[in-house]
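Residues per chain, in single letters:
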Amino acid sequence: MAGALVGGAFLSGFINVVFDRFLTMDAINLVLGKKLGSDLVQRLKTALLGAEALVADAEMKQFGNPSVRKWLDSLRDAVYCAEDLLDTVLTKAVTQKEESSSWSLSFFINRDRDDMVDKIEGVVRGIEDLGKQKDFLGLEKIPTGSSSWRTPSSSLVKGSVYGREDDKKALIKMLNDNNDHHLFVFAIVGIGGIGKTTLAQWLYNNAELMEGFDLKAWVCVSEKFEVVETTRNVIKQIHGGTCSLDDFNSLHNALKEELSNKKFFIVLDDVWSDDGDKWSNFMTPFQQNGRKGSIVLLTTREENVASAVQNCQPYFLRKLSEDYCWSVFAENASFPQSNGRAALEEIGRKIVKKCDGLPLAAETLGRLLRTNHDVEEWNKILMSDIWEFSVEKSKIIPALLISYFHLSPYLKRCFVYCALFPKDFEFVKHELIFLWMIEDLLPSPKRGESLEEVGCECFDELTSRLFFTKSEGFDDYFVMHDLLHDLAIFLAGDFYCNSEELGKEEEIKIQTRHLFVDLSHCSSKLYNSISKVESLRTLLLFGNFSSPNCNIEGATCEILSKCKYLRVLSFRKLDEVRNLIGKLIHLRYLNLSWTDDIKTLPESLCNLCNLQILKLYQCSELTTLPSGLHNLVNLRHLDIRGTSLKEMPRKMSKLNQLHVLSSFVVGKHKDNGVQELGGMVNLHGSVEIKKLENIVDVEEAKRAKIMDKKHIDELCLKWSSGDDLVSSTQKERDILDNLQPQNGLKELKIKGYKGTIFPDWLGNCSYENMTRVSLKSCNNCCMLPSLGQLPSLKSLRIEGFDQLRSIGEEFYKNGGDHHSSHIAPFPSLETLVFHNMACWEVWHVSESERFPQLRKLEIRNCPMLKEEMLNQVFFRIVSSLSDVSKVRKLRIGDLFINRQTEAMFLNGGTLSISGCESVMESALKLLRLTSLQQLHIDWCPKLENMEGEKLPPSLLLLQLRWCGLLGEQCKNKHQLIWPKISNIPGCVYF
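Rules used throughout
Along every chain, residues carry numbers that run from 1 in the direction the sequence is written. A pLDDT threshold of at least 70 governs which residues receive local features in this predicted model, and a stricter bar of 80 or more applies before side-chain atom pairs are shown or counted, although totals over entire chains, interfaces and linings include all residues. Based on all heavy atoms of the structure, the side-chain values leave hydrogens and waters out of the count. Comment: elements are numbered from the N terminus, with helices defined as DSSP H or I runs of at least four residues and strands as E runs of at least two. Using a 1.4 Å probe on the protein chains alone, a residue whose accessible area is under 20% of its type maximum counts as buried, one over 50% counts as exposed, and one in between counts as partly exposed. Only heavy atoms matter for contacts: two residues are in contact if any of them lie within 4.5 Å across the pair. To form a nonpolar core, buried Ala, Val, Leu, Ile, Met, Phe, Trp, Tyr and Cys residues must be joined to one another through side-chain atoms within 4.5 Å. Each salt bridge in this description consists of a side-chain nitrogen of Lys or Arg and a carboxyl oxygen of Asp or Glu lying within 4 Å of one another. Only the stretch in contact is used when fitting a helix axis, every axis being a line fitted to C-alpha atoms; angles between N-to-C directions are given from 0 to 180 degrees. In what follows, roughly perpendicular refers to angles from 65 to 115 degrees, roughly parallel to angles under 35, roughly antiparallel to angles over 145, and oblique to any angle outside these ranges. Left-handed describes a crossing in which the near helix is turned anticlockwise from the far one by less than a right angle; the clockwise case is right-handed. To count toward a patch, a residue needs a relative accessible area above 30% and no salt bridge. Like charges then connect within 9 Å, nonpolar side chains (Val, Leu, Ile, Met, Phe, Trp, Tyr) within 5 Å. Values of accessible area rely on a 1.4 Å probe in the Shrake-Rupley scheme; residue burial ignores everything except the protein chains shown. Only four residue types enter the charge count: Lys and Arg as positive, Asp and Glu as negative, with His and the chain ends excluded. The atom standing in for a charge is NZ when the residue is Lys, CZ when it is Arg, CG when it is Asp and CD when it is Glu. Only Phe, Tyr and Trp rings are paired, with Trp represented by its six-membered ring, and only when their centres lie within 6.5 Å; those with planes under 30 degrees apart are stacked, over 60 edge-to-face, the remainder tilted. Two conditions define a charge located above a ring, namely a distance within 6 Å from the ring centre to NZ of Lys or CZ of Arg, and an angle within 35 degrees of the ring normal. Side-chain classes follow a simple rule in which Ala, Val, Leu, Ile, Met, Phe, Trp, Tyr, Cys and Pro form the nonpolar group, Asp, Glu, Lys and Arg form the charged group, and the remainder, Gly included, forms the polar group. Pairing between two strands requires that DSSP report at least two bridges joining them. Each residue carries a pLDDT score, the predictor's confidence in it, ranging from 0 to 100. N or O atoms within 3.5 Å of each other form a polar contact, as long as, within protein, one can give a hydrogen and the other can take it, and as long as residues adjacent in sequence are counted only when both atoms are side-chain atoms.

Okay, the overall build of the protein next. Within the protein, the regular secondary structure consists of 31 helices and 32 strands. Looking at the protein as a whole, 53% of its 990 residues qualify as buried. At a minimum sequence separation of 6, the contacts of the protein that also span at least 24 residues come to 67%.

Here it is, written out as structure tokens:
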């Protein structure tokens, strides 16, 4: 019964990778001569096929049988060894085909082939022996499900909070009852998966409840509670940035200053520590500072944690009722309660009963069955043996395990890989996909599909099944629920390890293949022990090393000299190991980002024929790439953002597998000019082309073939700042004309262009997907391009046009483009920014060009633009906004320290206008808005009255702050102003 649940065995995906790598006889003969016979290769295939037939049954039986789990671990270890050995032979075959020297060929044969063949023989015997144990262990071949890992759609939206109305009311009452306390500390206590974090998030994001709090912060604490680290994280969350302080005293003083005289709401999520001394130290800044009504909220599974925190009041969260659990399940299963099939509902309610009141379990199983409303399939879930799995003996919830077993082998492997990261680790989607790619965890792409796209589908599928969720407050980051993280760790065994899970022994198991180490919490003992794990494939070293007693240079050399099968390496200490990098022939992923002390990379890096991803992000001192970089023919991603490269190395056009090239620095030589981009036909995403002043003639720009790169959606074209005098402005225009991108482009940035006018393609209405345009430091330009006909343009930024004096009709429509004449200009524009326009005097905004969707207008440091012109422009633009009738709150006043800024912001029902006096005057004309309820006027000392302006009867609140004479007249009920404001229910003056 259980076996039919399996969407495909986890280990079968690994075995299939080995089959894909099987050697051709040509490769065998080239590297190993006749020593490795075809019979040994066949024996390996047969042994793997025999083992693969058993793994589905073994993966189900491992939960109640330690011997079966040990058998699976031994098989996985053997498969890893087989793949490493085959990869070594294939890599050697590739490199030897490229080497003409017979000496190098005979060197490998004479020295290493016997050892290599012996190792392969040992792996084959090991797998054959494991196959012979099937009867003893009771393993048999069972059918696997055919469920696809690809679903037709993916929903990333969180559902409703069911069954917690009483809890919400009780918590709000607790907060209100304790509002007079200086500090109220309480804890939501409940078992894993019951919804503690969800309820805390509801409180944290409740706008009405949060009104009156000056600051709030959300910090994940998890199992390792360190006072210094947690204090630092609170400060970082308050700032929304970094905190470089290290010592306890400085951190406490910094937090004390942040909280001083402020009402705060701090959430400490997923707390495990019941160390009273630690809590006493940690809570000191909160107890001594802050205004009345401040709150610290904890979520925890343990009541004794709440007891350890001084004056902490626990609130116990109980399991959901079956009816509410059913609501959670039904919503996630897309099962309408009103007209769903009776048979399905009956089975579904029985499944929900087994979820035992845990919303996470109901949510996950509902999402599993979202696209499968088949009675037989639902019955299989209900009758699964997995429900009998003991929760007490592990931290695994059976419902989550069922969801896991319904994943395909590829998705299982992708999920289990995440055991590598610490609990509550926030990961970026594309970064995780890179690692999946490098580890061969993804299925083969369909025709016309890239591996990156396959990875994106896998990620979205796991997200739709709730294995991943978006991080609170960070759209680009994702996290795993701690119970799902526990499941991943359980399934990963000793093969995946993060330093947080090691405990006091700090012992890395010899079977470990993937290792994540937080260097800021890494002892010298742990770091020195890494080199003993010689079969390591992944080594991710994060943070800065803090242990004073470790020879980190020597230990790093030892690691890289012994861990010769490394495929993934991320670290920041290149100088100590420059001579060793080139020997890591299996390396596919090298991340040296934020290594700020390297100026060059070793030439030996170019020996890494398997390298696919090279990340050099923010290596700020790096000026030169290796001259042989073009030999890395498998390179797919090269990230050189934030470097100081002077030019690209030669022959970059040979890297025709490049999928992502963050930037290209145009050189002055024949084979490192912009034309080298012509051979890179597979570029995707964002590309920045720098030093375009090095283009000698128009033909070079044409041979870059920018138009042919159909998958680029963001393009940045940069000329270096400096002398704007050029020999021919027409040549500059022709060069830009030949750098025209394809029509699917979404974002365009141009900086430092030396021509006087732009080519016609810029602003052409055929660019239907263009949403953002930025034009900066085009100091020779005397007119703007016709951007008004871009139908999807939402953001436009124009800065540093020193020669521009007037903006007129040409900005809205291209007179020569007959296709655009019927399109209303700027139909989608929401943000319009002008900065540093030294000579700009005139801006024509006619009745027909009125930016109907504008939400933000900002004009800064444009000294020649007359106030009368600003008054006219602001009033015309603002009064014609499509949503102006919905404005409920109007803010008028100088919101900026910089007095040379005029701005308009429309956010929902709030309209804010600031700037010079004439702009204020135009804003006061808007007081006729019939729906206006609140009027706030700030920093208008020269405003004396509102003569001639009739306040709308809908106005409920008038607030004046620092308004000089007008404020005084209101306070003193002056006869010129009092009749206008006396009937307003709320009036406030500062």
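The next thing to look at is the nonpolar core. Membership of the largest hydrophobic core comes to 144 residues, with the highest contact counts inside it found for Phe834 and Trp843. For this core, the element with the most residues is helix H28 (residues 867-879), which contributes six residues. The contacts of tryptophan 843, once residues within four sequence positions are left out, are Ile807, Tyr812, Leu832, Phe834, Phe851, Leu857, Ile859, Leu865, Met869, Val873 and Ile877. By size, the runner-up hydrophobic cluster in this structure holds 128 residues, among which are Leu209, Val267, Trp378 and Ala399.

Okay, the pattern of salt bridges next. Pairs can form between side chains of opposite charge once their charged atoms are near each other. The tally for this structure, following the rule as stated, stands at 37 salt bridges. Taking the shortest distance from any N to any O, the salt bridge between lysine 132 and aspartate 129 comes out at 3.9 Å. Residue lysine 132 and its partner aspartate 129 are both found in helix H5 (residues 102-132); the two are separated by three residues, about one turn of the helix. Under the relative-accessibility criterion, lysine 132 is labelled exposed at 64%. Using a relative accessible area of 42% as the deciding quantity, one classes aspartate 129 as partly exposed. In the salt-bridge network here, residues are joined through shared partners; they are Glu83, Asp84, Asp440, Arg537 and Arg567.

Looking now at the packing of helix H11 (residues 248-259) against helix H12 (residues 276-288). The packing of two helices is summarised by the inter-axis angle and the distance between the axes. The geometry of H11 relative to H12 is characterised by a closest axis approach of 8 Å and an angle of 30 degrees between their N-to-C directions. Classified by the angle between their axes, H11 and H12 sit roughly parallel to one another. Of the two possible hands of crossing, H11 and H12 adopt the one that is right-handed. Along the contact surface, H11 presents Phe248, His252, Leu255, Lys256 and Leu259, while H12 presents Asn281, Phe282, Thr284, Pro285 and Phe286.

For the rest of this paragraph, the subject is helix H20 (residues 429-438). Taken across its ten residues, H20 has seven buried, putting it largely inside the fold. Among the residues making up H20, those that are buried are Leu432, Ile433, Phe434, Leu435, Trp436, Met437 and Ile438. Phi turns positive one or two residues past the end of H20, at aspartate 440, with a value near 55 degrees.

What follows concerns a negative patch on the surface. Together, Asp274, Asp275, Asp277 and Glu302 give the surface a local cluster of negative charge. Tracing the sequence through the fold places aspartate 275 in the loop between strand S3 (264-271) and H12.

Tallied over the full model, the rule gives 41 aromatic pairs. Ring geometry for phenylalanine 421 against phenylalanine 425: centres 5.0 Å apart, planes inclined by 5 degrees, an arrangement best described as stacked. Looking at phenylalanine 425, the relative accessible area reads 22%, which means it is partly exposed. Pairing tryptophan 761 with tyrosine 767 gives two aromatic rings, centres 6.1 Å apart and planes at 45 degrees, and the pair type is tilted. When sorted by exposure, tryptophan 761 lands in the same class as tyrosine 767, which is buried. By the ring-pair criterion, three or more aromatic residues cluster together here, those being Phe421, Phe425, Phe427, Trp436, Phe459, Phe468, Phe478, Phe516 and Phe542. Above the ring of tyrosine 204, the side-chain terminus of lysine 216 is found at 4.3 Å from the ring centroid. In this structure, lysine 263 packs its charged tip against the face of phenylalanine 213, placed 4.6 Å from the ring centre.

Here helix H18 (residues 398-405) crosses helix H22 (residues 482-492) at 60 degrees, and the two axes come no closer than 11 Å. By crossing handedness, the relation of H18 to H22 is classed as right-handed. The segment H18 lies against H22, with Leu400, Leu401 and Tyr404 engaging Leu483, Leu484, Leu487 and Leu491. Of the residues belonging to the contact of H18 with H22, the class tally is seven nonpolar, no polar and no charged.

The sheet built from eight strands is open, its strands ordered S9-S10-S11-S12-S13-S14-S15-S16 with parallel pairing. The open sheet is flanked by strand S9 (496-498) and strand S16 (660-661), the only strands paired with a single partner. Of the strand pairs in this sheet, S9 and strand S10 (residues 514-518) are connected by three bridges, and their pairing is parallel. The partner of tyrosine 496 across the bridge, within S10, is histidine 514.

As for its position among the elements, serine 570 is in strand S12 (residues 568-570). By relative accessible area, which is 8% here, serine 570 ends up buried.

Below, the discussion takes up the sheet that holds strand S5 (residues 312-316). Taken in spatial order, the five strands of this open sheet run S2-S3-S4-S1-S5, and their pairing is parallel. Sheet topology places strand S2 (215-222) and S5 at the edges, where each strand pairs with a single neighbour. For this sheet the average axis-to-axis angle between neighbouring strands, irrespective of direction, equals 20 degrees. Those strands touched by helix H10 (residues 227-239) are S2 and S3, and its axis lies near 145 degrees from that of S2.

Time to look at helix H19 (residues 409-417). With eight of nine residues buried, H19 lies mostly within the body of the structure. Listing the buried residues of H19 in full gives Pro409, Leu411, Lys412, Arg413, Cys414, Phe415, Val416 and Tyr417.

On to the confidence of the model for the protein, then. When pLDDT is averaged along the protein, the result is 82; 86% of the residues meet or exceed 70. Every residue in residues 1-7 scores below 50 in pLDDT, and together they form 26 contacts with partners more than four places removed in sequence or on other chains.

What follows is about the side chain of histidine 936. Looking at the element boundaries, histidine 936 is found in strand S30 (residues 934-938). Judged by relative accessible area, histidine 936 falls into the buried class, the value being 5%. One polar contact links histidine 936 to glutamine 934, side chain to side chain, over a distance of 3.0 Å. Those residues in contact with histidine 936, other than ones at most four positions away along the chain, are Lys889, Leu890, Arg891, Ile892, Leu957 and Gln959.

Structurally, alanine 306 can be placed in helix H13 (residues 303-308). In this structure the C-alpha to C-alpha distance between alanine 306 and serine 273, which are 33 residues apart in sequence, comes to 9.4 Å. Sequence-distant contacts of alanine 306, defined by excluding residues within four places in its chain, comprise Ala187, Val189, Cys312 and Pro314.

Its place among the elements puts glutamate 363 in helix H16 (residues 359-368). Separated by 37 residues in sequence, glutamate 363 and tryptophan 326 place their C-alpha atoms 9.4 Å apart.

A few words on unusual backbone geometry. Unlike most non-glycine residues, aspartate 270 shows phi in positive territory, near 60 degrees. Looking at where aspartate 270 falls in the secondary structure, it is placed in strand S3. In this model, asparagine 311 sits at a positive phi of 60 degrees, which is unusual for a non-glycine residue. Assignment of secondary structure puts asparagine 311 in the loop between H13 and S5. Judged by its relative accessible area of 67%, asparagine 311 is exposed.

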